[in-house]
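An overview of the molecular structure
Here are the chains, one letter per residue:
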Amino acid sequence: MSAGITVDLRSAIPPYEQIRSQISSLIALGALDPGTRLPTVRSLAADLGIATGTVARAYKELEAAGLVDSRRRGGTVVTAPAAGTPGARGTVPVPAAVQAAVDHYIAAGRAARLSDEVLLDVLRGKLGWDASS
């Protein structure tokens, strides 16, 4: 799974948040089903070349959101939060048309040689999000 997770150390977004966001998105898109075991903290940290505490914080945030469950000796596993729980927001089914539009947006941005950070800033601007939030 770590091949799908990347960290941009030059980004203003903290590395733990980049990891949390990417795993949350993979869960929301159905790429990580309930019961899927995530890599160990040490393994993912080694793959990404970052500190284990960074990955541990990301996993802790995911657990707080109800998206994963960390078990001693059982590892960290994707959960299926009940509807209406705080973690359930990340598990809303995404229609194929929306996924296709996002894929097109990313492809167009990459073709224009825009960084992921710029693509996110454009999206946040269109959604009306404050860049500092």
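Quick summary incoming for the structure in this document. (Residues numbered from 1 in each chain as written. Predicted model: local features only at pLDDT ≥ 70, side-chain atom pairs only at ≥ 80, totals over all residues. Heavy atoms only, no water.)

For the pair helix 2 (residues 41–48) and helix 3 (residues 52–64), interaxial distance at closest approach is 8 Å and the crossing angle is 120 degrees. Classified by the interaxial angle, the pair formed by helix 2 and helix 3 is oblique. In the crossing of helix 2 with helix 3, the sense of the turn from one axis to the other is right-handed. For the pair helix 2 and helix 3, contact is made by V41, R42, L44 and A45 and by T52, V55, A56 and Y59, respectively. Partitioning the contact of helix 2 with helix 3 into residue classes produces six nonpolar, one polar and one charged. (Axes fitted to C-alpha atoms, helices over the stretch in contact; angles between N-to-C directions. Helix = DSSP H or I, 4+ residues; strand = E, 2+ residues; numbered from the N terminus. Parallel < 35°, antiparallel > 145°, perpendicular 65-115°, else oblique. Left-handed = near helix turned anticlockwise from the far one by under 90°. Contact = heavy atoms within 4.5 Å. Nonpolar A, V, L, I, M, F, W, Y, C, P; charged D, E, K, R; others polar.)

Let us look at the pattern of salt bridges. Scanning the entire structure with this criterion turns up five salt bridges. Residues R10 and D8 are paired through a salt bridge, measuring 3.4 Å at the closest nitrogen-oxygen approach. Overall, D8 belongs to the partly exposed group, its relative accessible area being 30%. Here E17 and R20 are joined by a salt bridge, their closest N and O atoms 2.6 Å apart. Of this pair, E17 and R20 both sit in helix 1 (residues 15–28), separated by three residues, roughly a single helical turn. You can call E17 partly exposed: its relative accessible area is 22%. (Salt bridge = Lys/Arg side-chain N within 4 Å of Asp/Glu carboxyl O. Buried < 20%, exposed > 50% of the residue type's maximum accessible area, 1.4 Å probe, protein only.)

So yeah, pure geometry; function would need other evidence.
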